[in-house]
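Each chain, written out:
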Number of protein chains: 2
Amino acid sequence: MIFTAHITIMPLTELLDPQGKAVNESLHRLQLNAIQNVRIGKQITLTIEANSKEEANEIADVACKKMLYNAVMENYTIVISE
Amino acid sequence: MIFTAHITIMPLTELLDPQGKAVNESLHRLQLNAIQNVRIGKQITLTIEANSKEEANEIADVACKKMLYNAVMENYTIVISE
């Protein structure tokens, strides 16, 4: 079966996010002052061939740990859909 | 009230995603051959001061249209949480 893993990788909340800060300031220059904070991360979609949702989740987790995310600076969440 | 807008910006499915292709090939070199396709986009979290969920959604939508996404190459979805 084919599953889709939606992986969201965000900078840890304790860390500064300079890219988000720059975008926040730019949005204020466009008069969007209601926006108080911006954080920017990555969204990665994997198409996975697996026998079960659990196996697909396991493969996505290995991919995150081995390559996709940086444990020092980021956290990640995985959502699997069929 | 404070709302959080979770914005997912992905490359259009009709377009090549060279970054995703490179990651896919690298994952195969790590023996993760069950992964058939990778697409990489952005996840942006906005903290918004608004009177209602609808107003927060409207502000996030304006931010996307004015700055955050590129209509030629990307699409976006917004999910608002409190």
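Predicted model, so just to flag it, every value in this text is computed and none were measured.

**Quick notes on the interface of chain B and chain A**
Thought 1: Contacts between chain B and chain A engage 30 residues on the former and 30 residues on the latter.
Thought 2: Contact between chain B and chain A buries roughly 2500 Å² in total, counting both sides, with carbon and sulfur atoms accounting for 69%.
Thought 3: Of all residues in chain B, the largest losses of buried area upon contact with chain A belong to Gln-43, Thr-47 and Met-67 of chain B, amounting jointly to 20% of the total for that side.
Thought 4: Summed over the shared surface of chain B and chain A, the number is zero salt bridges.
Thought 5: At the junction of chain B and chain A, the tally comes to twelve residue pairs in polar contact (both at pLDDT 80 or more).
Thought 6: Class assignment for the residues of the side of chain B that touches chain A results in 18 nonpolar, eight polar and four charged.
Thought 7: In this sheet, strand S2 (residues 35-49) of chain B lies alongside strand S2 (residues 35-49) of chain A in antiparallel orientation, the contact comprising 13 bridges. In the sheet register, Thr-45 of chain A faces S2 of chain B, and the bridge partner there is Arg-39 of chain B.

**Notes on the layout of surface pockets**
Thought 1: Taken as a whole, the largest pocket holds about 210 Å³ of empty space.
Thought 2: Along its surface, the largest pocket is lined by 13 residues, and Pro-11, Asp-17, Gln-19, Ile-40 and Glu-74 of chain B are the ones closest to its centre.
Thought 3: Listing elements by their share of the lining of the largest pocket, those giving two or more residues are strand S1 (2-11), helix H1 (18-29) and S2 of chain B.
Thought 4: Looking at which element gives the most residues to the lining of the largest pocket, the answer is S2 of chain B, with three residues.
Thought 5: The residue makeup of the lining of the largest pocket, split by class, is seven nonpolar, two polar and four charged.
Thought 6: When its volume is computed, the second largest pocket comes out at roughly 160 Å³.
Thought 7: If you trace the second largest pocket, you find it lined by His-6, Gln-43 and Thr-45 of chain A together with Thr-8, Met-10, Pro-11, Leu-12, Thr-13, Arg-39 and Asn-75 of chain B.
Thought 8: Those elements giving two or more residues to the lining of the second largest pocket turn out to be S2 of chain A together with S1 of chain B.
Thought 9: It is S1 of chain B that provides the largest number of residues to the lining of the second largest pocket, a total of three residues.

**Some remarks on the pattern of salt bridges**
Note on pairing: side chains with opposite charge can pair once their charged atoms come close.
All names here are of chain A.
Thought 1: Applying the stated criterion across every chain yields a total of six salt bridges over all chains.
Thought 2: Across the pair Lys-42 and Glu-74 runs a salt bridge whose closest N-O atoms are separated by 3.8 Å. You can see Lys-42 sitting in strand S2 and its partner Glu-74 sitting in strand S3 (residues 74-81), a full 32 residues away along the chain.
Thought 3: Taking relative accessible area as the criterion, Glu-74 reaches 17% and is therefore assigned buried.

**Thoughts on the sheet that holds S2 of chain A**
Thought 1: The antiparallel open sheet is built from six strands, whose spatial order is S3(A)-S1(A)-S2(A)-S2(B)-S1(B)-S3(B). Strands with a single pairing partner mark the edges of an open sheet, and in this sheet they are S3 of chain A together with strand S3 (74-81) of chain B. Direction aside, neighbouring strands of the sheet carry axes that sit 25° apart on average.
Thought 2: The sheet contacts of helix H2 (residues 53-68) of chain A involve strand S1 (2-11), S2 and S3 of chain A together with S2 of chain B, and relative to S3 of chain A the element is tilted by about 155°.
Thought 3: Contacts from H1 of chain B reach S2 of chain A together with S2 of chain B, with the element oriented near 125° to S2 of chain B.

**Here's the deal with the packing of H2 of chain A against H1 of chain B**
Thought 1: Relative orientation of the contacting elements H2 of chain A and H1 of chain B amounts to 100°, with a least axis distance of 11 Å. Taken together, the axes of H2 of chain A and H1 of chain B lie roughly perpendicular to each other. Counted together, Ala-63, Met-67 and Leu-68 of chain A of H2 of chain A and Val-23, Ser-26 and Leu-27 of chain B of H1 of chain B form the full contact between these two elements.
Thought 2: By residue class, the composition of the contact of H2 of chain A with H1 of chain B is five nonpolar, one polar and no charged.

Rules used throughout
Residues numbered from 1 in each chain as written. Chains lettered and ligands numbered in written order. Predicted model: local features only at pLDDT ≥ 70, side-chain atom pairs only at ≥ 80, totals over all residues. Heavy atoms only, no water. Contact = heavy atoms within 4.5 Å. Buried area = accessible area lost by both parts, 1.4 Å probe. Salt bridge = Lys/Arg side-chain N within 4 Å of Asp/Glu carboxyl O. Polar contact = N/O pair within 3.5 Å; in protein donor to acceptor, adjacent residues only side chain to side chain. Nonpolar A, V, L, I, M, F, W, Y, C, P; charged D, E, K, R; others polar. Pairing = 2+ DSSP bridges. Helix = DSSP H or I, 4+ residues; strand = E, 2+ residues; numbered from the N terminus. 1 Å grid on protein atoms, 1.4 Å probe; cavity = no way out; pocket = protein on both sides within 12 Å on 5 of 7 lines; lining within 4 Å. Points joined across faces, edges and corners; volume = space filled by probe spheres on them. Buried < 20%, exposed > 50% of the residue type's maximum accessible area, 1.4 Å probe, protein only. Axes fitted to C-alpha atoms, helices over the stretch in contact; angles between N-to-C directions. Parallel < 35°, antiparallel > 145°, perpendicular 65-115°, else oblique.

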